[in-house]
Amino acid sequence: MVRVLVNVPKQIAANAPFDVKVLISHPMESGQRRDQLGQAIPRDIINHFICTLDGETVLDADFFPAIAANPFLSFSVVAEKSGTLALTFTDDHGVTQTELVAITVT
Amino acid sequence: MILPRRRLVLLAACCAVSPAVATPADVAALIQVLVGDAPLKDGLIHLDLPVMVENGNSVAMTVSVADPPSPVEAIHVFAEGNPLPLVAVFRFGPRSGAPRVTTRMRLATSQTVIAIAKLRDGTCWRDSIDLLVTLAACIDQA
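Residues numbered from 1 in each chain as written. Chains lettered and ligands numbered in written order. Predicted model: local features only at pLDDT ≥ 70, side-chain atom pairs only at ≥ 80, totals over all residues. Heavy atoms only, no water.

(A) Representation of the environment of A:Ser25 within the structure. Residues and elements named next belong to chain A. Relative to the helices and strands, Ser 25 is located in the loop between strand E2 (18-24) and strand E3 (46-53). Note: C-alpha distance between Ser 25 and Leu 5 (20 residues apart in sequence) is 8.3 Å. Discounting residues that sit within four places of it in the chain, Ser 25 has contacts with Val 2, Arg 3 and Asn 70. (Helix = DSSP H or I, 4+ residues; strand = E, 2+ residues; numbered from the N terminus. Contact = heavy atoms within 4.5 Å.)

(B) Spotlight on the interface of chain A and chain B. At the junction of the two partners, chain A supplies 37 residues and chain B supplies 30 residues. Of the roughly 3,000 Å² buried between chain A and chain B, counting both surfaces, carbon and sulfur atoms make up 50%. Of all residues in chain A, the largest losses of buried area upon contact with chain B belong to A:Gln32, A:Ala66 and A:Phe72, amounting jointly to 19% of the total for that side. Here chain A is connected to chain B by five salt bridges. For the side of chain A that touches chain B, the element with the most residues is strand E4 (residues 56-63) of chain A, which contributes eight residues. In terms of strand pairing, E4(A) meets strand E6 (residues 86-92) of chain B through five bridges, oriented antiparallel. Paired with A:Leu59 across the two strands is B:Phe92, which belongs to E6(B). (Buried area = accessible area lost by both parts, 1.4 Å probe. Salt bridge = Lys/Arg side-chain N within 4 Å of Asp/Glu carboxyl O. Pairing = 2+ DSSP bridges.)

(C) Just the environment of B:Ala98, in detail. As for its placement among the helices and strands, B:Ala98 is situated in strand E7 (residues 96-105). Placed 34 residues apart in sequence, B:Ala98 and B:Ser64 show a C-alpha to C-alpha distance of 8.1 Å. Setting aside chain neighbours within four positions, we find B:Ala98 in contact with A:Ser76 and B:Phe92.

This is the structure:
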């Protein structure tokens, strides 16, 4: 389990795009570095991220080692009614974590 | 504080172990595979990165497509001078409000970063930025 911060606006109007900001606490080890003994540090990154709103895709992203540590993402979502944003990401070990955020459309 | 001499050793070790970086030809080949026979034009997509980068470990990057004539399927980002040329692929779904993403990327050296947008009508659009990196991502040692 890694720590995830998600920011959505409190007030959302129907069919008006709003921004979602996500910050995932993850080292995103690139696999290019060596430790002090000269051993290669194995690659360990989040390689896939998908955001859905009530099952409909918002953003589906593939990450490569060129994404900085503690990946930050900001993207735009449009909603017709209140629902749940599901943010799912997968790391190199195949571990999947999902964060659920309720949004309220007024 | 690390001694200057030790820092030099670290730097040498770091650069010695880093594998061959991607070349513009590698990136061109990847883009060729991505685009195929579709027309590739400059414009429409906008890649926003600082031209002078102080720290290559974390560089804010925004890619956006303004008023696309047809929905944007995906945006691909490539870095010509990184060990791996691929940076990220963003695919937009029906609930996307606008084809725009902000994230933070690593830059190993001064280089050209390229973004390609693929639209549903089959056209591809390109934007690139030449940038200077003062502190490369490679020097950050555990």
